[in-house]
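# Structural overview
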Amino acid sequence: DIRIVPDTALCLPRYLKIDCDSATAGPKNHTVVHVNGYISKPDLSALALELDAHVFRTGRKVVLLALAHTHRDKESLAVLSSLLNCDHVLVDTRSIFEMASFIMNASLYLGVSFHGAITAFSYGVPAIGFNYMNYAKTSDLFESLGVDTWCIQSVEQVSALLPLVEQSRQIC
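Everything numeric here is computed off the predicted structure, so don't read it as measured data. (Residues numbered from 1 in each chain as written. Predicted model: local features only at pLDDT ≥ 70, side-chain atom pairs only at ≥ 80, totals over all residues. Heavy atoms only, no water.)

What follows covers the overall build of the chain. Within the chain, the regular secondary structure consists of seven helices and six strands. In the chain, the succession of α and β elements from N to C terminus is α-β-α-β-α-β-α-β-α-β-α-β-α. Per-residue burial for the chain yields a buried fraction of 51% across its 172 residues. By element, 53% of the accessible surface of the chain is carried by carbon and sulfur atoms, the whole surface being about 8500 Å². (Helix = DSSP H or I, 4+ residues; strand = E, 2+ residues; numbered from the N terminus. Buried < 20%, exposed > 50% of the residue type's maximum accessible area, 1.4 Å probe, protein only. Areas by Shrake-Rupley, 256 points an atom, 1.4 Å probe, with all protein chains shown as cover.)

Shown next, in the form of structure tokens:
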């Protein structure tokens, strides 16, 4: 059985078995957010306003999830956390199972991580790719899955896109 996929990580559910009932994913009605140290403080402030509005519209909790420890994820997420007024939790784990569990149990993924987005897609979770560094592989992934408009380059695009994606149930 040979299948061609944009990235082998789309096959995660087949090989990474996570028991949803015992997953340490916290709330089941949450939005996972991932940012790193390359996002400016003004952009973090603007993103915080959009996330506050998102929580107000949906009632979802925000899970700020550090996915790497090489790009100052933890520090940027701590800044974002300090700017948020909405219900949220800051999670720092090095367990790939916990990271995947948070994403697979989310209602939405919004983040800068290519592999965070691909994990979301592989579990049928809608994802907004915050591709502010304009990586071709990220935009190519979203284009190949038919959701290229969900790959954005600026925080300003979040306000128009979030309400549309909130209404989506599943991508793949």
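After presenting the structure, the write-up continues.
A few words now on the nonpolar core. With 50 residues, the main nonpolar core has V32, L47, L80, Y109, I128 and F142 as its most contacted residues. Those residues within four positions of V32 in sequence are excluded, and the remaining contacts are V63, L65, F102, I103, A106, L108, Y109 and L110. (Core = buried A, V, L, I, M, F, W, Y, C linked by side-chain atoms within 4.5 Å. Contact = heavy atoms within 4.5 Å.)

To continue, consider the side chain of H54. Relative to the helices and strands, H54 is located in helix α2 (residues 41-58). Overall, the relative accessible area of 0% leaves H54 in the buried class. Residues in contact with H54, not counting those within four places in the same chain, are T31, G59, R60, L108, L162 and E166.

A separate point is the pattern of salt bridges. Within the structure shown, the criterion is met by one salt bridge. We note a salt bridge from K74 to D92, for which the minimum N-O separation is 3.3 Å. Note that K74 is positioned in helix α3 (residues 73-83) and D92 in strand β3 (residues 88-92), a separation of 18 residues in sequence. Judged by relative accessible area, D92 falls into the partly exposed class, the value being 39%. (Salt bridge = Lys/Arg side-chain N within 4 Å of Asp/Glu carboxyl O.)

Quick look at unusual backbone geometry now. Here R72, not a glycine, exhibits a phi torsion of approximately 60 degrees, which is positive. Secondary-structure assignment places R72 in the loop between β2 (61-66) and α3. The class for R72 is partly exposed, based on a relative accessible area of 44%. In this structure, N134 is a non-glycine residue whose phi angle is positive, near 55 degrees. Mapped onto the elements, N134 comes out in the loop between β5 (127-130) and α6 (136-144).

Here the focus is the packing of aromatic side chains. Inspection of every chain in the model, using the stated rule, returns two aromatic pairs. Taking 5.3 Å as the distance between ring centres and 45 degrees as the angle between the ring planes, the aromatic pair formed by F130 and Y132 counts as tilted. The cationic tip of R72 hangs over the ring face of Y38; the distance from NZ or CZ to the ring centre is 5.3 Å. The residue whose ring lies beneath K137 is F114, and the NZ or CZ to ring-centre distance is 4.7 Å. (Phe/Tyr/Trp six-rings, centres within 6.5 Å; stacked < 30°, edge-to-face > 60°. Lys NZ or Arg CZ within 6 Å of the ring centre and 35° of its normal.)

With that out of the way, let us pick up the pairing of β5. Taking every second residue as pointing to the same face, both faces of β5 are buried, with A127 and G129 on one and I128 and F130 on the other. For the crossover that starts at strand β4 (residues 108-111), traverses helix α5 (residues 114-122) and ends in the parallel β5, the hand is right-handed. Inspection of the sheet shows β5 paired to strand β6 (residues 151-152) by two bridges, in the parallel sense. Note that in β6 the partner of G129 across the bridge is C151. As for the winding sense of the linkage, the β-α-β connection from β5 through α6 to β6 is right-handed. (Right-handed = clockwise from strand over helix to strand, strands pointing away. Pairing = 2+ DSSP bridges.)

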